[in-house]
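One-letter residues, chain by chain:
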Amino acid sequence: MNAPNRFELFVLEDTEKHVEVTEDTKIPNAATFKILKQDHTLGNMIRAQVLAMPQVLFAGYKVPHPLHPYFLLKIQTDGTMTPQAVLEQACTKLIATISSLEAKFKREFSFKMTEGTVPEDPYGTTGAGAQGWGTGKDYLDF
């Protein structure tokens, strides 16, 4: 089989750097980042976060081949910030967003645990006093 060993897809070797930066000589204020041992999951999240910044003119990523565990991220800015600073700021914001999502998830999960059991029908369409589908009003009836 041509697939590499699974551990090679996420474990960095001692000589490998996680991020390699290549300044673009043809496009002003642009750089290409090679991010090792990652795939579309992180690439798309970083690209979306970078594009949300007003200083960015272009951001895109590609995975050159599915058997090679890295992606290339190209960022071009308007010159007020360097591509490296934009990537660092975007990663910081992304970490904060994911941390916030994790905290909200844990809080909601703890509420479910303190309530005891999870109701079988969270929308209240069955049971005593509830109206079934197609009868009465639902949330679309104004």
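Parameters at a glance
Counting restarts for each chain: residues are numbered from 1 in the order of the written sequence. With the structure being a predicted model, the display of local features is reserved for residues of pLDDT at least 70 and the display and counting of side-chain atom pairs for 80 or more, all residues being used for whole-chain, interface and lining totals. Excluded from the side-chain calculations are hydrogens and water; all other atoms, namely the structure's heavy atoms, are used. Starting at the N terminus, helices and strands are each numbered in turn, a helix being any DSSP run of H or I of at least four residues and a strand any DSSP run of E of at least two. A 1.4 Å probe rolled over the protein chains alone gives each residue an accessible area, and that area as a share of the maximum for its type sets the label: buried under 20%, exposed over 50%, partly exposed in between. Residue contacts follow a heavy-atom distance rule, with two residues in contact if any of their heavy atoms lie within 4.5 Å. The method behind every accessible area is Shrake-Rupley, applied with a 1.4 Å probe, and residues are considered shielded solely by the protein chains displayed. By this definition, two strands are paired if DSSP reports at least two bridges between them. Where helices are involved, their axes are fitted lines through C-alpha atoms of the stretch in contact, as for all axes, and angles between N-to-C directions lie from 0 to 180°.

In the annotation of an unreviewed UniProt entry, the entry for the chain reads RBP11-like subunits of RNA polymerase, and the organism field reads Rhizopogon vinicolor AM-OR11-026.

S.K.: Looking at this structure, I do not really get the overall build of the chain. What am I missing?
M.R.: Each helix and strand counted, the chain has two helices and four strands in total. When its helices and strands are written in sequence order, the chain yields β-β-α-β-β-α. By the burial criterion, 21% of the 142 residues in the chain qualify as buried. Long-range pairs, those at least 24 residues apart, make up 51% of the contacts in the chain with a sequence separation of at least 6. About 10,700 Å² of surface is accessible on the chain, with carbon and sulfur atoms providing 59% of the total.

S.K.: Help me out: how do you make sense of the pairing of strand 4 (residues 70–77) in this one?
M.R.: Walk down a regular strand and you will see the side chains alternate between the two sheet faces. Taken across its eight residues, strand 4 has six buried, putting it largely inside the fold. Of the strand pairs in this sheet, strand 2 (residues 30–36) and strand 4 are connected by seven bridges, and their pairing is antiparallel. By the bridge assignment for strand 4, A30 is matched with Q76. Of the strand pairs in this sheet, strand 3 (residues 56–62) and strand 4 are connected by six bridges, and their pairing is antiparallel. Bridged to F58 within strand 4 is Q76.

S.K.: How do you make sense of the sheet that holds strand 1 (residues 19–23) when you look at a structure like this?
M.R.: Strand-to-strand pairing in sheets goes through backbone hydrogen bonds, with the strands running parallel or antiparallel. Spatially, the four strands line up as an open sheet ordered 1-2-4-3, and their pairing is antiparallel. The sheet is open, and its two edges are formed by strand 1 and strand 3, each paired on a single side. Across the sheet, the mean angle from the axis of one strand to that of its neighbour is 15°, orientation sign disregarded. Relative to the sheet, helix 1 (residues 40–51) contacts strand 2, strand 3 and strand 4, its axis offset from that of strand 3 by approximately 175°.

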